[in-house]
Amino acid sequence: MAQHFSHGITHSNRSARLLASTWLIGYTLSSGAVQYLEVKGDRVNLRAAPKADAEVVGQVCSTDTLILQGDIAEPWVKVTPPDSVDFWIYASLVKDGKVTVNNAQVRAGAGLNFNVVGQLQNGDTVSERGKIGDWLKIAPFPTSAVWVTNAYVSLKAPPQPQPAEPLVAVPPPTQSVESVVATPPPEPIEPLPAMTAVAEPVVETPPSQPPAIPRPIADQILAQSADPVNPTWERGIRSGSPVIPPNQVNSVNRPSKPASRTLFGSSTTEET
C-alpha cells in the first residue's frame, strides 16, 4: 500500500513537471519572449557546429544560463555564445572597428579551415580583442551561434526582476517646544570714537658741553713791536752820509768814567 502510494506521488510529480515544461514552451513560442536554458553539468562543451567533431569554442557549467536560438527538441541545441567565447575575422575586412564588406565570414578560429559561426554586414561594429597574423580576434555578436547537446540543457523560467523596495517617506524631524529657545538678538556694538593725531612737543636736548665762545677778532691780532724811527737818521740814510743809529748815539758821544781804585786794585765800571 505504501509503495503504491509513493509510486503515485512520483508519477504525479513527473506529470506536473512535464505539464509545466509544456506550458513554458508553449508560452515562449506564442509570446516570442526570450527563452533561457539552464546547464545540467560542469565543463559542458560549446561547439562551432552541430556535430561531435566540431571545434570546441568554450565551456559552461551549472551556474551559467544560455539563451536559446533554435529548438530544444533537436539533438544539438543552437544557443547564443557567452561573452567568454572568442571569434575570428579576416583583418582586412575591418577598418576602425567596423566591417567594410557584406556577408563577412566570422569563424571559430584564425584560419579558413575553421567553421563559420556567423556573418557580419557592412558597417557592423566589432569589439577587437587581439590579432594573430592576418586574423583579428573579436567578441561574440548577437547573430553569432554555437551548439550544445540537448542532454545537458533544459528550459529555465526567465529571471524575475527584483521588486523595487518601496520608498518610505521619512517625516521631517520635529522639534519640541522645550528644545526651541529664543536667542536674544546681539547687543549693538558702539562705535569707537575717532582717534585724532596729537602732535607731540619737540623737546630740545641741551648739549653735554657748552659751546666755546669765539674770541673777538681784535684780540686775535697780536701787536707788532716796532722801533721808533728818528727822522734825522732816516734823512741820513737817504742822503748817503754816515749816520749813527739812535741806539748808539749815547755810547759814542758819552766819555767813559775814570777807573776807581780799591784796596784790591783798580776796577773800571762802564756806564751803560
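Above: the structure in question.
Residues numbered from 1 in each chain as written. Predicted model: local features only at pLDDT ≥ 70, side-chain atom pairs only at ≥ 80, totals over all residues. Heavy atoms only, no water.

1. Some thoughts on the overall build of the protein chain
Of regular secondary structure, the protein chain possesses four helices and 16 strands. Residues classed as buried in the protein chain amount to 19% of the 272 residues present. Looking at the protein chain alone, contacts between residues at least 24 apart form 55% of all its contacts between residues at least 6 apart. (Helix = DSSP H or I, 4+ residues; strand = E, 2+ residues; numbered from the N terminus. Buried < 20%, exposed > 50% of the residue type's maximum accessible area, 1.4 Å probe, protein only. Contact = heavy atoms within 4.5 Å.)

2. Looking at the environment of Ser144
Position of Ser144 relative to the elements: it lies in the loop between strand E12 (135-138) and strand E13 (146-149). For the pair Ser144 and Arg107, spaced 37 residues apart in sequence, the C-alpha to C-alpha distance is 9.8 Å. Aside from chain neighbours lying at most four places away, what touches Ser144 is Gln69, Thr80, Pro81, Phe87 and Val117. Engagement of the side chain of Ser144 in a polar contact is seen with the backbone oxygen of Phe141, the distance being 2.6 Å. (Polar contact = N/O pair within 3.5 Å; in protein donor to acceptor, adjacent residues only side chain to side chain.)

3. Things to note about the sheet that holds strand E11 (residues 128-132)
On the basis of which strands lie adjacent, the open sheet formed by five strands has the order E10-E9-E6-E12-E11 and antiparallel pairing. On the outer flanks of this sheet lie strand E10 (116-120) and E11, each paired with one strand and no other. Averaged over all adjacent pairs, the angle separating strand axes in this sheet is 35°, with direction ignored. Pairing between strand E9 (residues 104-107) and E10: four bridges, direction antiparallel. Paired with Arg107 across the strands is Val116, a residue of E10. (Pairing = 2+ DSSP bridges. Axes fitted to C-alpha atoms, helices over the stretch in contact; angles between N-to-C directions.)

4. Digging into the sheet that holds strand E4 (residues 65-67)
Pairing is antiparallel across the open sheet formed by three strands, whose spatial order is E4-E1-E14. The sheet is open, and its two edges are formed by E4 and strand E14 (153-156), each paired on a single side. Across this sheet, the average inter-strand angle for adjacent strands is 40°, counted without regard to direction.

5. Things to note about unusual backbone geometry
Non-glycine residue Arg43 carries a positive phi angle of around 55°. Within the secondary structure, Arg43 sits in the loop between strand E1 (36-39) and strand E2 (44-47). Unusually for a residue other than glycine, Asp96 sits at a positive phi of about 55°. Note that Asp96 resides in the loop between strand E7 (94-95) and strand E8 (98-99).

6. A few points about the environment of Val148
Mapped onto the elements, Val148 comes out in strand E13. Distance in space between the C-alpha atoms of Val148 and Lys78 is 6.7 Å, their sequence separation being 70 residues. In this view, Val148 contacts Val44, Asn45, Leu46, Leu66, Pro75, Trp76, Val77, Val79 and Val153; residues no more than four positions away in its chain are not counted.

7. Description of the pattern of salt bridges
Per the stated rule, a full pass over the model turns up two salt bridges. Asp83 serves as the salt-bridge partner of Arg129, at 3.2 Å between the closest nitrogen and oxygen. One end of the pair, Arg129, is in strand E11; the other, Asp83, is in the loop between strand E5 (76-79) and strand E6 (87-90), and 46 residues separate them in sequence. Classification of Arg129 as partly exposed rests on a relative accessible area of 32%. Among the ionic pairs, Asp86 bridges to Arg129, the shortest N-O distance being 2.5 Å. Here Asp86 is found in the loop between E5 and E6, whereas its partner Arg129 is found in strand E11, with 43 residues between them in sequence. (Salt bridge = Lys/Arg side-chain N within 4 Å of Asp/Glu carboxyl O.)

8. Regarding the nonpolar core
Membership of the largest hydrophobic core comes to 31 residues, with the highest contact counts inside it found for Leu37, Leu66 and Ile138. Not counting residues up to four positions away in its chain, the partners in contact with Leu66 are Gln35, Tyr36, Leu37, Val39, Leu46, Val60, Val79, Thr80, Val148 and Val153. (Core = buried A, V, L, I, M, F, W, Y, C linked by side-chain atoms within 4.5 Å.)

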